[in-house]
Amino acid sequence: MPGGTRRLAAVNRAALDAGLRPGETVADAQARLPALCLATAEPAAEQALLEHLAEACLCYSPMAAAGDETNLWIDISGCAHLLGGEIPLLRDLVRRLTRYGFTVRVAVADSAGAAWAWARFGDPAHPCLPAGEGRRALLELPVAALRLDPAIGDGLRHLGLKTVAALEALPRAALASRFGDVVGARLDQLWGRVDEPLSPCRPADQPRTYRRFAEPIGRADDVAAAARQMLAALCQDLERRQQGVRRLELAAFRVDATCRRLTVGTGRPTRDSLHLFRLLAEPLGTLDAGFGIEMLGLAAQAVAPLAAEQMSWSLGRNGGEAGAEEGGLALAVLCDSLGNRLGFERLTRFVLRQSHLPERAVRRLALGQGDGGTDGGADGAVAGGVAGRRPVRLFERPEAVEAVAPLPDAPPLLFRWRHQIHRVTRAEGPERLSGEWWRRDERDRDYYCVEDDAGARFWLYREGAYDGQAIPRWFLHGIFP
Amino acid sequence: MNKMTLAQLRDHIAALESPGRRPAVLPFGVAEIDGFLPWGGLPLGALHEVALPTGDAPDGPTLGLVAMLLGRLARQQERPVLWVSRRLDLYAPGLAAFGLPADRLLMVQPGRAAEGLMALEDAVRCPGLAAVAGDIWELDATAGRRLHLAARDSGVTALVMTHGTGAGRAMTRWRVAAAPSVAPAHPAARLGVGAWRWSLTLVHCRNRGRDENGVAARWLVEWQDETHRLGLVAVPGDRSAVPGSRYRAAG
């Protein structure tokens, strides 16, 4: 509270009837009404609740936004006929919000400013201002309907300007010189001459579909059946747009005004509703319906272009040659299912790269990343033959060993690794591998393939050459089969 | 000999008649091993176990054998293979030297052992794979039976590397140990490392008993890089280890 005094931020109907108003100090209010119940205002939680309500209103129109304080904006241009008209839409909205426990005032008008004004100061019996004909009704509203600062409002009242009609009669330049441009801007917004854009709480062009239930449902079978129907509708929509979904979100709006969300992802864009339903089936089993779910919303949050011909391999179910196609489909389903359960970064494949240093010759990529095979045909030169043999295990960090080797570049005679001595009976090498020429701080490595008396084979390297002063160090980098 | 040829001919004709059907056996290419196994090779669509060495023994040969089998299965059925393992140090060019190319290998890295077993079971049920390999610490009897039944239904071969003593449900159980190699043929590389040699032990095989050592059979095999084949060296008799020769400086 500014100044350290505690003030009332909002009061309910009973308190309003008893004479309390927002802005009074708590001390005064409690003096008048000792039985007053107080609760701390939490602006952040209130804003979050407003965002949630805005999302619950997305079933009426894709352009729904939570405003500041206690305003909810919904742009229903072109959407009202889906619910039978503006009046039925308003009735449905009011019924839903009052069922949550809120007190609601609604209005429909041509512009955002007019709707705000009519909701607060208009006639509750006629919330819909007819299109193009609300001017006379709006002119009779008080100046407070223009969303002006309290200081400017007081100034206008002192000058005797109490209604919108009075303001409208004055020349605009006079108002601007006295109060600034804001009064003129608000008037323009009221009449719809200036646009007041809405930023919806969810991107408006995301494919989404909603299903509302006449009675709240709670059984898992019902939820699954509804999800399947919605998936079919969503996939048809995606087919029209030639897109596939990468991330899907199912939102369950419960009767206690909370929302539970499930998200599934796929490795490749898909619009196969059966496959997506199988991915959703697992988390659906853990969905807590609470006292009931009144609305389900399905949104494709991440989409990617998917042309029609790429889907053909999932449609063919004929004869023997479909074996390979079915196999490909089964593999994609397996990868998606494992990825959703373990995380997509845990499914990897190897990509060979052109580098002499062994640890840089291979990269692990997650499955979804970087389509395309090896990098410039590096596999031919590396495996066997020209480049020398490579181990099956390569340590991420080469382990330091103590080796005894004749100078200058002979293979070691024995070495100690992890407190065990290995006597070398056979050795191959050296194979000099150096890094890229632009990495100057790395030294050359001489690699040796050594075999000890038990038959175990190791890949050792000596870092740097013996140049008369320092003893170079030896490392164990890999294990041969 | 004639019986084995007849059976191979029958399989070949059956494969020609129905091209979509998977072949039932993966031959090792070594006559003694293929002759010893009652199916003429490694039976597909089944669970096989490979024992991981305990203690400090090197596990390179085990990985080499698994890579060889996976590579052959991938090439025979022209499908990818999946490896479920928590280890991060498998090196693709080394695996490629055994015939397992990087573009046919998918890796799954589970966070916990239970996740690994679950991923293995799901993968075995997927008909789009040729084979699945997994690093499982202990495979109990129930899990082994489930894996075996799933493999039989889908036709995917499951190769499980375990530390335990074996579930008893596997068709075959192998153990690979390193064996000293002999010098390559080139005279100048007299002391170089020759072809990889392994002591391959068939610990347990269905429909075959065990010999006096408690294992079914043991062979000494060698991997030839150029031809990508296994070759039999000799059945190890009872002789003491030959001390390896020391490296001497030239001159």
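The structure displayed is predicted, hence computed values, not measured ones. (Residues numbered from 1 in each chain as written. Chains lettered and ligands numbered in written order. Predicted model: local features only at pLDDT ≥ 70, side-chain atom pairs only at ≥ 80, totals over all residues.)

Draft legend 1. Just the interface of chain B and chain A, in detail. At the junction of the two partners, chain B supplies 51 residues and chain A supplies 54 residues. Going through the elements one at a time, helix 3 (60-77), helix 4 (92-96), strand 5 (105-108), helix 5 (113-124), strand 8 (172-179) and strand 9 (196-205) of chain B are the ones with two or more residues in the side of chain B that touches chain A. By residue class, the composition of the side of chain B that touches chain A is 33 nonpolar, ten polar and eight charged. Note: strand 7 (residues 347-352) of chain A against strand 5 of chain B, two bridges, orientation antiparallel. Residue pairing for strand 5 of chain B: Leu347 of chain A is matched across the bridge by Val108 of chain B. (Contact = placed C-beta atoms within 7 Å. Helix = DSSP H or I, 4+ residues; strand = E, 2+ residues; numbered from the N terminus. Nonpolar A, V, L, I, M, F, W, Y, C, P; charged D, E, K, R; others polar. Pairing = 2+ DSSP bridges.)

Draft legend 2. Molecular detail of the pairing of strand 4 (residues 243-254) of chain A. Residue and element names in this part refer to chain A. Where strand 4 meets strand 6 (residues 293-305), eleven bridges bridge the pair, whose relative direction is antiparallel. Bridge pairing in strand 6 links Gln243 to Pro305. With eight bridges joining them, strand 4 and strand 5 (residues 259-270) adopt antiparallel strand pairing. What sits directly across from Leu250, in strand 5, is Leu262. Counting the residues between successive antiparallel strands, the hairpin from strand 4 to strand 5 contains four residues, one of them, Ala257, with a positive phi of roughly 65°.

Draft legend 3. Main features of the nonpolar core. Residues and elements named next belong to chain B. By size, the foremost hydrophobic cluster in this structure holds 105 residues, and its most contacted members are Val81 and Val132. Element by element, the count of residues in this core is highest for helix 3, at nine residues. Contact partners of Val81, with chain neighbours within four places excluded, come to Leu70, Leu73, Ala74, Arg104, Leu105, Leu129, Ala130, Ala131 and Val132. (Core = buried A, V, L, I, M, F, W, Y, C linked by C-beta atoms within 7 Å. Buried ≥ 20, exposed ≤ 12 C-beta atoms within 10 Å, placed from the backbone.)

Draft legend 4. Inspection of the packing of helix 11 (residues 220-241) of chain A against helix 12 (residues 273-285) of chain A at higher detail. Residues and elements named next belong to chain A. Contact pair helix 11 / helix 12: the axes reach a minimum separation of 10 Å and the direction vectors enclose 150°. Put simply, helix 11 runs roughly antiparallel to helix 12. Considering only the axes of helix 11 and helix 12, their crossing is right-handed. Contacts between helix 11 and helix 12 involve Ala220, Val223, Ala224, Ala227, Arg228, Leu231, Ala232 and Cys235 from the former and Ser273, Leu276, Phe277, Leu280, Ala281, Leu284 and Gly285 from the latter. Here the contact of helix 11 with helix 12 is composed, by residue class, of twelve nonpolar, two polar and one charged. (Axes fitted to C-alpha atoms, helices over the stretch in contact; angles between N-to-C directions. Parallel < 35°, antiparallel > 145°, perpendicular 65-115°, else oblique. Left-handed = near helix turned anticlockwise from the far one by under 90°.)

Draft legend 5. Unusual backbone geometry, seen in detail. Residues and elements named next belong to chain A. Phi angles above zero are rare outside glycine, and Arg147 is one such case at about 60°. Mapping Arg147 onto the fold places it in the loop between helix 6 (135-139) and helix 7 (150-158). Arg147 gets classed as partly exposed once you count the C-beta atoms within 10 Å, which come to 15. Of note, His419 is a non-glycine position whose phi angle comes to about 65°, a positive value. With respect to the helices, strands and loops of the structure, His419 is situated in the loop between strand 10 (414-417) and strand 11 (420-433). We classify His419 as exposed; it has 6 C-beta atoms within 10 Å.

Draft legend 6. Spotlight on the sheet that holds strand 6 (residues 131-135) of chain B. Taking strand neighbours across the sheet as the criterion, the eleven strands line up as 8(A)-7(A)-5(B)-4(B)-6(B)-7(B)-3(B)-8(B)-9(B)-10(B)-11(B) in an open arrangement whose pairing is mixed. Two strands bound the open sheet, and with one partner strand each, they are strand 8 (362-366) of chain A together with strand 11 (229-232) of chain B. Taken over all neighbouring pairs, the strand axes of this sheet differ in orientation by 30° on average, direction set aside. Pairing between strand 10 (residues 217-224) of chain B and strand 11 of chain B: four bridges, direction antiparallel. When the sheet's bridge partners are listed, Glu222 of chain B is paired in strand 11 of chain B with Gly231 of chain B. Packing of helix 3 of chain B onto the sheet brings it into contact with strand 3 (47-51), strand 4 (81-84), strand 6, strand 7 (157-162), strand 8 and strand 9 of chain B, and relative to strand 8 of chain B it is tilted by some 125°. Across the sheet, helix 6 (residues 141-154) of chain B lies against strand 3 and strand 7 of chain B, angled at about 130° from strand 3 of chain B, the strand it touches most.

Draft legend 7. Geometry of the confidence of the model for chain B. Residue and element names in this part refer to chain B. Taken residue by residue, chain B gives an average pLDDT of 80. The fraction at 70 or more is 82%. Of all helices and strands in chain B, the one with the weakest mean pLDDT is helix 1 (residues 2-17) (68), whereas strand 4 scores best (92). Every residue in residues 238-251 is under pLDDT 50, and counting partners more than four places away or in other chains gives eleven contacts. For this predicted complex, the interface score ipTM comes out at 0.79, alongside a pTM of 0.68. (pLDDT = per-residue confidence, 0-100.)

Draft legend 8. Structural detail: helix 11 of chain A. Residue and element names in this part refer to chain A. Taking 1.5 Å as the rise per residue, helix 11 with 22 residues should run 32 Å; its terminal C-alpha atoms sit 31 Å apart, in good agreement. Taken residue by residue, helix 11 has Val223, Ala227, Met230, Leu231, Leu234, Cys235 and Leu238 as its buried positions. Considered in projection along helix 11, the buried side chains sweep an arc of 150° and stay on one side of the axis. Facing away from the buried side of helix 11 by more than 90 degrees, the exposed set consists of Asp221, Ala225 and Arg240. Tucked into the core, helix 11 has its buried residues touching strand 3 (208-217), strand 4, helix 12 and strand 6. The positive-phi residue at the C-terminal boundary of helix 11 is Gln242, with phi of around 60°. (Expected span 1.5 Å × (residues − 1). Arc of directions from axis to C-beta.)

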